[in-house]
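# Structural characterization, general
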Amino acid sequence: MSRINHLIEEYGGIAIGTYLVIFATTFFTFWGLITFGFDLSSLGSWFVGLPEVGTLAIAYAATKLTQPLRIALCIVLIPVVHRY
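The following refers to the structure shown.

## Focus on the overall build of the chain
Across its full length, the chain carries four helices and zero strands. For the chain, the succession of helices and strands along the chain, N to C, is α-α-α-α. The proportion of buried residues among the 84 residues of the chain is 30%. Restricting the contact set of the chain to residue pairs at least 6 apart, pairs at least 24 apart contribute 68%. Summing over all exposed atoms, the chain offers an accessible surface of approximately 5,600 Å²; the carbon and sulfur share of this is 69%.

## Thoughts on the packing of helix α2 (residues 13–35) against helix α4 (residues 67–83)
One way to put it is that α2 packs onto α4 with a least axis distance of 9 Å and a crossing angle of 135°. Put simply, α2 runs oblique to α4. Both α2 and α4 take part in a crossing whose hand is right-handed. Facing α2, whose interface residues are I14, A15, T18, Y19, I22, F23 and T26, α4 presents Q67, R70, I71, L73, C74, L77, I78, V81 and H82.

## Some thoughts on the packing of aromatic side chains
Tallied over the full model, the rule gives three aromatic pairs. Look at F27 and F28: their rings are 5.1 Å apart centre to centre, the planes differ by 80°, and that puts the pair in the edge-to-face class. Given the relative accessible area of 53%, F28 is considered exposed. Aromatic rings pair up to connect F23, F27, F28 and Y60 into one cluster.

## Describing the side chain of T66
Structurally, the position occupied by T66 is in the loop between α3 (55–65) and α4. Relative accessible area serves as the criterion here: at 17%, T66 is assigned to the buried category. Not counting the four nearest positions on each side in its chain, T66 is found in contact with T26 and F30.

## Points about a nonpolar patch on the surface
On the surface, I8, I16 and L20 cluster together into a nonpolar patch covering about 250 Å² of accessible area. Assessed through its relative accessible area of 43%, I16 is described here as partly exposed.

Parameters at a glance
Residues numbered from 1 in each chain as written. Predicted model: local features only at pLDDT ≥ 70, side-chain atom pairs only at ≥ 80, totals over all residues. Heavy atoms only, no water. Helix = DSSP H or I, 4+ residues; strand = E, 2+ residues; numbered from the N terminus. Buried < 20%, exposed > 50% of the residue type's maximum accessible area, 1.4 Å probe, protein only. Contact = heavy atoms within 4.5 Å. Areas by Shrake-Rupley, 256 points an atom, 1.4 Å probe, with all protein chains shown as cover. Axes fitted to C-alpha atoms, helices over the stretch in contact; angles between N-to-C directions. Parallel < 35°, antiparallel > 145°, perpendicular 65-115°, else oblique. Left-handed = near helix turned anticlockwise from the far one by under 90°. Phe/Tyr/Trp six-rings, centres within 6.5 Å; stacked < 30°, edge-to-face > 60°. Patch = residues over 30% accessible without salt bridge, like charges linked within 9 Å, V, L, I, M, F, W, Y side chains within 5 Å. Salt bridge = Lys/Arg side-chain N within 4 Å of Asp/Glu carboxyl O.

This is the structure we're talking about:
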């Protein structure tokens, strides 16, 4: 977590913007998959029984489960986006 804080201090808005773009892309990808009929229960038992919760809630939960991957992706992409 200290690495991501360092990147936010060093790159400021670029770091926050990159994180938000990755978050939004992940969230809307899950939302679209659920909306168009992808069954998330095939990804694991955690998703079994969630359809009554609602599409947005399931998409948000799935997005939160990917947070470590998204943070790792941010750590790699922020310097690249800054150079671009």
